[in-house]
Amino acid sequence: KAGVTQTPRYLIKTRGQQVTLSCSPISGHRSVSWYQQTPGQGLQFLFEYFSETQRNKGNFPGRFSGRQFSNSRSEMNVSTLELGDSALYLCASSLASLAGVSGANVLTFGAGSRLTVL
Amino acid sequence: DAKTTQPPSMDCAEGRAANLPCNHSTISGNEYVYWYRQIHSQGPQYIIHGLKNNETNEMASLIITEDRKSSTLILPHATLRDTAVYYCIVRFPQRNYGGSQGNLIFGKGTKLSVKP
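An account of the accompanying structure is given in this report. Bear in mind the structure is a predicted one, so any value in this text is a computation, not a measurement. (Residues numbered from 1 in each chain as written. Chains lettered and ligands numbered in written order. Predicted model: local features only at pLDDT ≥ 70, side-chain atom pairs only at ≥ 80, totals over all residues. Heavy atoms only, no water.)

## Focus on the side chain of Ser93 of chain A
Residue and element names in this part refer to chain A.
Right, so step 1: Locating Ser93 in the fold gives a position in strand β9 (residues 87–94).
Right, so step 2: Classification of Ser93 by relative accessible area gives buried; the value is 0%.
Right, so step 3: Only 3.3 Å separates the side chain of Ser93 from the backbone nitrogen of Ile26, close enough to count as a polar contact.
Right, so step 4: Excluding anything up to four places from it in sequence, Ser93 contacts Val4, Pro25, Ile26, His29, Ser31, Val32, Val106, Leu107 and Thr108. (Helix = DSSP H or I, 4+ residues; strand = E, 2+ residues; numbered from the N terminus. Buried < 20%, exposed > 50% of the residue type's maximum accessible area, 1.4 Å probe, protein only. Polar contact = N/O pair within 3.5 Å; in protein donor to acceptor, adjacent residues only side chain to side chain. Contact = heavy atoms within 4.5 Å.)

Here it is, written out as structure tokens:
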């Protein structure tokens with residue numbers, strides 16, 4: 001079956017601009033979570049969407065937002081870009097929400113969208 | 001918050017077993033341990049997970065101590081293609097939907113270098 005698809009794979013923006021990244025989960029997966037990866041901070045959790053609702057949120061400013069559509073595809077948006085937003089943005093999909101209280105829940109990651117802010 | 005501690009780097013000879021340790025001393029009773037790996041600039045790849053018992057699949061084995069405070073990922077016959085950063089992750093459940101804390105914490109991982 002098809003994996004998690006992220007678009008675009010690479011993009012370059014300038015400070016102050018905004019960017020929208022897209023993530024198509026594995027068919028049947030209802031949870032999509034987003035992560036930022038930088039050399040200095042490693043892989044950090046941004047937020048999770050499940051059934052079109054944000055279920056979990058990491059410690060990022062409000063400039064980072066997202067949404068999920070009825071077909072489980074998700075987008076994340078970063079407004080007023082800063083140099084420090086340059087990173088690899090990863091999404092992952094899973095059957096159950098990360099907020100589930102029990103049970104295993106394997107994440108499948110996409111290849112990522114590499115954002116460079118100049 | 002549950003979190004993990006891993007050595008920053010390890011070397012392993014090709015064909016030998018690679019044993020990657022992880023400390024998760026604050027793990028609670030219903031939290032699973034997951035292992036992922038990331039080859040340079042690609043998305044992390046799932047390897048294996050476990051709760052209490054040791055687990056084995058086609059990629060690796062996972063040994064969890066009886067007190068569950070630590071675990072070891074074993075790659076039985078490491079190849080050059082196993083060179084990657086390996087992440088040990090403990091998932092803790094969020095008790096309230098819409099919580100303000102992310103519930104997946106990735107540490108820095110262990111950079112495994114498999115050498116010929």
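## Looking at the pattern of salt bridges
Residues and elements named next belong to chain A.
Right, so step 1: The full count for this structure, using the stated rule, is five salt bridges over all chains.
Right, so step 2: Two residues, Arg63 and Asp85, come together in a salt bridge whose shortest N-O distance is 2.8 Å. Here the residue Arg63 occupies a position in the loop between β6 (53–57) and β7 (64–68), and Asp85 occupies one in the loop between β8 (74–78) and β9, the gap between them amounting to 22 residues.
Right, so step 3: The exposure class of Arg63 is buried, given its relative accessible area of 16%.
Right, so step 4: A relative accessible area of 4% places Asp85 in the buried class. (Salt bridge = Lys/Arg side-chain N within 4 Å of Asp/Glu carboxyl O.)

## Side note on the pairing of strand β4 (residues 45–50) of chain B
All names here are of chain B.
Right, so step 1: Here strand β3 (residues 33–38) pairs with β4 via five bridges, running antiparallel. Residue pairing in the sheet places Tyr36 in a bridge with Tyr46 of β4.
Right, so step 2: Between β3 and β4, which pair antiparallel and follow one another directly, the connecting turn spans six residues, one of which, Ser41, has a positive phi of 65°. (Pairing = 2+ DSSP bridges.)

## Section: the layout of surface pockets
Right, so step 1: Within this model, the largest pocket holds a volume of roughly 460 Å³.
Right, so step 2: Along the wall of the largest pocket there are 18 residues; nearest its centre are Gln37 of chain A together with Gln38, His40, Ser41 and Tyr87 of chain B.
Right, so step 3: Taken together, the elements giving at least two residues each to the lining of the largest pocket come down to β4 (31–38) and β9 of chain A together with β8 (84–90) of chain B.
Right, so step 4: In terms of residue count, β8 of chain B provides more of the lining of the largest pocket than any other element does, three residues in total. (1 Å grid on protein atoms, 1.4 Å probe; cavity = no way out; pocket = protein on both sides within 12 Å on 5 of 7 lines; lining within 4 Å. Points joined across faces, edges and corners; volume = space filled by probe spheres on them.)

## So, the state of the cysteines
Right, so step 1: Going through the model one piece at a time under the given rule, you end up with two disulfides over all chains.
Right, so step 2: Each disulfide pairs two cysteine sulfurs, and for Cys23 of chain A the partner residue is Cys91 of chain A, the sulfurs being separated by 1.9 Å. Torsion about the S-S bond of the Cys23 of chain A and Cys91 of chain A cystine: about 75°, corresponding to right-handed handedness. Of this pair, Cys23 of chain A sits in strand β3 (residues 19–24) while Cys91 of chain A sits in strand β9, and the two are 68 residues apart along the sequence. Comparing Cys23 of chain A with Cys91 of chain A shows no difference in burial state: the two are buried.
Right, so step 3: A sulfur-sulfur distance of 2.1 Å marks the disulfide that ties Cys22 of chain B to Cys88 of chain B. Measuring handedness by torsion sign, the sulfur bridge of Cys22 of chain B and Cys88 of chain B sits at about -80° and is left-handed. A residue pair is termed long-range when its members are at least 10 positions apart, and Cys22 of chain B in strand β2 (residues 18–23) and Cys88 of chain B in strand β8 qualify at 66 residues.
Right, so step 4: When its relative accessible area of 2% is taken as the criterion, Cys22 of chain B is described as buried.
Right, so step 5: You can call Cys88 of chain B buried: its relative accessible area is 0%.
Right, so step 6: Cysteine Cys12 of chain B remains unbridged, with the sulfur of Cys22 of chain B as its closest cysteine sulfur at 18 Å. (Disulfide = S-S within 2.5 Å.)

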